[in-house]
Amino acid sequence: MEHDWKIVQQSSDLGEGKVSDRTKAPSWRIAPKVSGCSSGTDGLIAEIEKKITEAFEVFDRESNKTVDGREIGCIIRSLGCFPNEAEVQELLAKIEEPDGFVHLENFLRVMTEVLLDRRFQPIPEDVILHAFEALDENKCGYITKEDLVKHLTEEGERFTQEEMEDMLVVALDPETNTLHYRDYRTKLVVDETKTFPFNV
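Presented here is an overview of the structure given in this document. The shown structure was predicted, so the numbers you read here are calculated from the model rather than taken from an experiment.

### Side note on the overall build of the protein
On a plain count of helices and strands, the protein comes out with eight helices and six strands. Ordered by position from the N terminus, the helices and strands of the protein form the series β-β-α-β-α-α-β-α-α-β-α-α-β-α. Counting only residues that meet the buried cut, the protein has 37% of its 200 residues in that class. A separation threshold of at least 6 residues defines the contact pool for the protein, and within that pool the share at least 24 residues apart is 59%.

What follows is the structure, encoded as structure tokens:
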């Protein structure tokens, strides 16, 4: 698939979608170019498409370039993105066929845009800490297994039983059966400088 791209500034003084003169230091994203020559990002696009295809193929059990729509959240997260379940469903609504399957061609188109726009970035460490502190009603620096299970399976975006069991194996101190969240949060923090797609 051939692409032609331009750098677009996302600064409030220029407005969305206006090409920058690069005289300031705003945030940037790569966007489709309407006309003109390539800006030299073909290598980046090819790398992104390759990684998306590889991630998709892991779940393509029939090797027919389709996956069950229920696998899309796992595929997206395996690409270093961190959408919540509502965001996964919103993306799925754009690409899922009536039979519940997703074709590689549709997924590739949408995910390439997602990765180029750097959507679904990791949650910052201070936000993770604040979330755990909100669950620590006694402000003692840990959360009991019982409280953790209650919060994560009964409130908000609920964990499944399998997700809960997977987390408890990694998160709990085996001696006290508690989650010392100041230590555990470091396991949840993603270094964007080393993680695709944020390091490209």
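### Things to note about the packing of aromatic side chains
Inspection of the entire model under this criterion finds three aromatic pairs. Between phenylalanine 132 and tyrosine 181 the ring centres are 5.8 Å apart and the planes differ by 15°, which places this aromatic pair in the stacked class. Taken as a pair, phenylalanine 132 in helix H5 (residues 125-135) and tyrosine 181 in helix H8 (residues 181-188) lie far apart in primary sequence, 49 residues in all. Look at tyrosine 181 and you get buried, because its relative accessible area is 3%. Taking the centre distance of 6.1 Å and the plane angle of 70° together, the rings of phenylalanine 132 and tyrosine 184 count as edge-to-face.

### Structural notes on the packing of helix H1 (residues 42-59) against helix H4 (residues 104-116)
One way to put it is that H1 packs onto H4 with a least axis distance of 10 Å and a crossing angle of 130°. By the angle between their directions, the pair H1 and H4 is classed as oblique. Crossing of H1 against H4: the hand is right-handed. Side by side, H1 and H4 meet where Leu44, Ile45, Ile48, Glu49, Ile52, Thr53 and Phe56 of the first sit next to Leu104, Phe107, Leu108, Met111, Thr112, Leu115 and Leu116 of the second. Its residues assigned to classes, the contact of H1 with H4 shows 11 nonpolar, two polar and one charged.

The rules we used
- Residue numbers run consecutively from 1 along every chain, following the written order of its sequence.
- For this predicted model, a pLDDT threshold of at least 70 governs which residues receive local features, and a threshold of 80 or more governs which side-chain atom pairs are given and counted, while totals over whole chains, interfaces and linings are taken from all residues.
- To get the side-chain values, take all heavy atoms of the structure and skip hydrogens and water.
- Note on conventions: DSSP H or I runs of at least 4 residues are helices, E runs of at least 2 residues are strands, and numbering of each starts at the N terminus.
- Each residue's exposure class comes from its accessible area (1.4 Å probe, protein chains only) as a fraction of the maximum for that residue type: buried when under 20%, exposed when over 50%, partly exposed otherwise.
- Whether two residues touch is decided by their heavy atoms; if any such pair falls within 4.5 Å, the residues are in contact.
- Two rings belonging to Phe, Tyr or Trp (six-membered ring only in the last case) form a pair when the distance between their centres is within 6.5 Å. Interplanar angles under 30 degrees mark stacking, angles over 60 mark edge-to-face geometry, and anything in between is tilted.
- Here the axes come from fitting lines to C-alpha atoms, over the contacting stretch only for helices, and the angles between their N-to-C directions go from 0 to 180 degrees.
- Angles are sorted into four bins: roughly parallel if under 35 degrees, roughly antiparallel if over 145, roughly perpendicular if 65 to 115, and oblique for all others.
- Crossing chirality is assigned from the near helix's rotation relative to the far helix, an anticlockwise turn below a right angle marking it left-handed and a clockwise turn marking it right-handed.
- The residue classification treats Ala, Val, Leu, Ile, Met, Phe, Trp, Tyr, Cys and Pro as nonpolar and Asp, Glu, Lys and Arg as charged. All others, Gly included, are polar.

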